[in-house]
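Structural overview for review
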Amino acid sequence: MSRQYITTAIDYPNAAPHMGHVLEKVLADTVARWFRLRGDEVRFQIGTDEHGVKIQRTAEAEGLTPKELVDRNVPLYQDLYKRLNISYDKFIRTSDQKEHWPTVIELWKKLDKAGKLNKRNYTGLYCSGCERFMTKKDLEEGKCVNHKKEPEEVTEENYFFDLSADGENLKNLLTKDWDGEEYRMVPQFRENEILSLVDQGLEDVSFSRPKSSLEWGIGVPGDDDHTMYVWCDALTNYISGLGFFTDKEDRSWWDKPTKVTHIIGKDIARFHALIWPAMLRHSGVRIPDKLLIHGFLTSEGEKMSKSIGNVVIPDEVLEKFKGNPDPLRFYLSHEIPVDRDGDFSWDRIVKIYDSKLRNDLGNLLNRVLVLIDKEGGKLGDVGKSSDLMCDGWKAYEDSLNNFQLDNGLGLAMNITSKCNQYIDEKKPWGLEGDEKVAVLSELAEALRHIALMLLPFVPKTSERMLVQLGLKVPQTLEGKTEWGSEKDWKKVGEPEILFEPLE
RNA sequence: CGCGGGGUGGAGCAGUCCGGUAGCUCGCGAGGCUCAUAACCUCGAGGUCGCAGGUUCGAAUCCUGCCCCCGCAACCA
């Protein structure tokens, strides 16, 4: 038994949540549920990153204050995640002045005290139309894409975090260790990406903005003219949720032997791999253990974008399946390997729903239960083992422990397929007495294992399967994974359609 | 020469590390079954494994060169 602290990136609520947000939460939730099932103690935190110019600007455009905007949008996220059955323990909001701010301010002070924050001038290309600095991406032939005019060179004062000094240390941290601390990335190929960045030379990172250009955020302690920029504010959510540096501090979910895993998208891997550990190191907090980095979702084969008009709204998907989150959860887990980009396609999710969930799984459960029902719902001895288990629990556990979730789910579905073959081969409907009961009991037992294996992925479906089978939903898998481990299991419950046909 | 990922039957993917008859799912065609949600099972058609060289008895798999697609390139999950 070990302790696990799992976090996702915090979402930026300047608009309604989209499928990318969902992908990450479902992934993290599946991992969290798996850890709990295997017997770990788990704390699972998600949240929202609510400051910054973009929120400030969106609010202005909608005639709201930034606070009104986030207070309106954040519940959309919380509500969606509830409906997706995301089993988070804590939702942290960076606008929360009681929970989040004190930790951030203390962290800033610690970094300052360590001599890591220095005020200096920053010069960049500023577009007066956009009222912000431009990046290369915002420019086309040297002109702002939105305003078609050349930005001007503007100099402003920023606090900078001294990241450039830690190139070697960070490289060691990611490959070997930094003063005994290790930090690993899954998948490993991301490591090469980050290391090559380090090799290109790290620059110091801007940690603040003048209040005149960014007001919506946390003020720099002791300097009324500056507002903290995203790094010190947002990344810190992982420890502010634990009350770090306050009288509510709970380090038992951070310090060893607890294992800390950040689950994030590939776009922010560099910040989590470089800035965050450096910040922690220089404020005397231990560095996390693992970064689990997922890919992005395209929609119908193309990058999601408002101009193409292929942005998928999670609510529409939930609605398609009458509010049941499991078809979507199943799709994301089954079709998209954790470390790679994936595609969301309406056509495909419908096919997966019909063939895998409804036909293979739902129909199997139903035909087995109906046959048992006709025999009075009684179960017999299931023997010591069965060929129905395919690769068995070991392969499943290995897959999940290595975050190969699609693989683990595939193993459960293999058993389903095997059962369908078996029932056709044995034709229990043509058998009598003990022989009939034996075949059906074996199938029921296999279905029990399938339901358990599906628990991290599609918890509601698993629970319904277990109830129909006449079993309780277990908290952990301890003592449940042996063939025939339910000694007192003599009778099944009522058969019920697991997945209705779509209209 | 910025960095990374990928190119395998109509579609989506596995196999590539540790060379040895090319596999899975969906779709398609034929047959079977009738317990079940018009579901299930079996068989079949369909691929010169991006291109070109090389190593080898043998290459999707190793080496070299090239082409194409996608993402990232400091604040878009």
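Residues numbered from 1 in each chain as written. Chains lettered and ligands numbered in written order. Predicted model: local features only at pLDDT ≥ 70, side-chain atom pairs only at ≥ 80, totals over all residues. Heavy atoms only, no water.

Once that is clear, we can look at unusual backbone geometry. Residue P187 follows V186 across a cis peptide bond; omega there is -5°. The residue P187 is located in the loop between β9 (184-186) and α6 (189-199) in this model. Cis geometry is found at the peptide bond from K256 to P257, where omega equals 10°. Examined against the element boundaries, P257 turns out to sit in the loop between α8 (237-240) and β14 (259-265). With a phi close to 65°, F245 is a non-glycine residue in the positive phi region. When you line up the elements, F245 lands in the loop between α8 and β14. A relative accessible area of 17% means that F245 is categorised as buried. Residue K427 is not a glycine yet carries a positive backbone phi of 45°. Take K427: it is sitting in the loop between α14 (405-426) and α15 (433-454). (Helix = DSSP H or I, 4+ residues; strand = E, 2+ residues; numbered from the N terminus. Buried < 20%, exposed > 50% of the residue type's maximum accessible area, 1.4 Å probe, protein only.)

On to the packing of aromatic side chains, then. Counted according to the given criterion, the structure contains 18 aromatic pairs. Seen from their ring centres, F321 and Y353 are 4.9 Å apart, and the 45° between their planes marks the pair as tilted. Of the two residues, F321 is situated in the loop between α10 (314-320) and α11 (326-335) and Y353 in helix α12 (residues 346-374); the sequence distance between them amounts to 32 residues. Across this residue pair, the class does not change: F321 and Y353 are buried. Among the aromatic residues, those joined into a cluster by ring pairs are Y5, Y238, F244, F245, W254 and W276. We note K266 situated over the ring of F296; from NZ or CZ to the ring centre the distance is 5.3 Å. Over the ring of W178 we find R281; its NZ or CZ atom is 5.5 Å from the centre of that ring. (Phe/Tyr/Trp six-rings, centres within 6.5 Å; stacked < 30°, edge-to-face > 60°. Lys NZ or Arg CZ within 6 Å of the ring centre and 35° of its normal.)

Among all positions in α6, only R190, E191, I194, L195, L197 and V198 are buried. Down the axis, α6 shows its buried residues gathered within 155° of arc, on one side only. Pointing more than 90 degrees away from the buried face of α6 are the exposed residues N192 and D199. Structurally, α6 contributes buried residues whose contacts are with α5 (167-175), β9, α9 (269-282) and β15 (290-294). At the C-terminal side of α6, G201 shows a positive phi close to 100°. (Arc of directions from axis to C-beta. Contact = heavy atoms within 4.5 Å.)

Attention now goes to the pattern of salt bridges. Overall, the coordinates contain 39 salt bridges when judged by the stated rule. We note a salt bridge from D89 to R36, for which the minimum N-O separation is 3.9 Å. Of the two residues, D89 sits in the loop between α3 (66-83) and β3 (90-93) while R36 sits in helix α1 (residues 19-37), which places them 53 residues apart along the sequence. Among the residues examined, D89 registers a relative accessible area of 46% and is labelled partly exposed. (Salt bridge = Lys/Arg side-chain N within 4 Å of Asp/Glu carboxyl O.)

Right, let's talk about the domain arrangement of chain A for a bit. Bring the parts together and some accessible area is lost; that lost area is often taken as the interface size. According to the domain assignment, chain A consists of domain 1 (3-295) and domain 2 (346-469). Between domain 1 and domain 2, the C-alpha centre-to-centre distance is 42 Å. Taken residue by residue, the interface counts twelve residues in domain 1 and eleven residues in domain 2. Summing both sides of the interface, domain 1 and domain 2 together bury roughly 1100 Å²; the carbon and sulfur share of this comes to 75%. Linking domain 1 with domain 2 are zero salt bridges. (Domains from an automatic or database assignment. Buried area = accessible area lost by both parts, 1.4 Å probe.)

Our next topic: the sheet that holds strand β12 (residues 219-220). With respect to topology, three strands assemble into an open sheet ordered β11-β13-β12, the strand pairing being antiparallel. The strands lining the two open edges of the sheet, one partner per strand, are β11 (208-210) and β12. For β12 and strand β13 (residues 223-228), the ladder comprises two bridges, and the chain directions are antiparallel. Within β13, the position partnered with G219 by the bridge is T227. (Pairing = 2+ DSSP bridges.)

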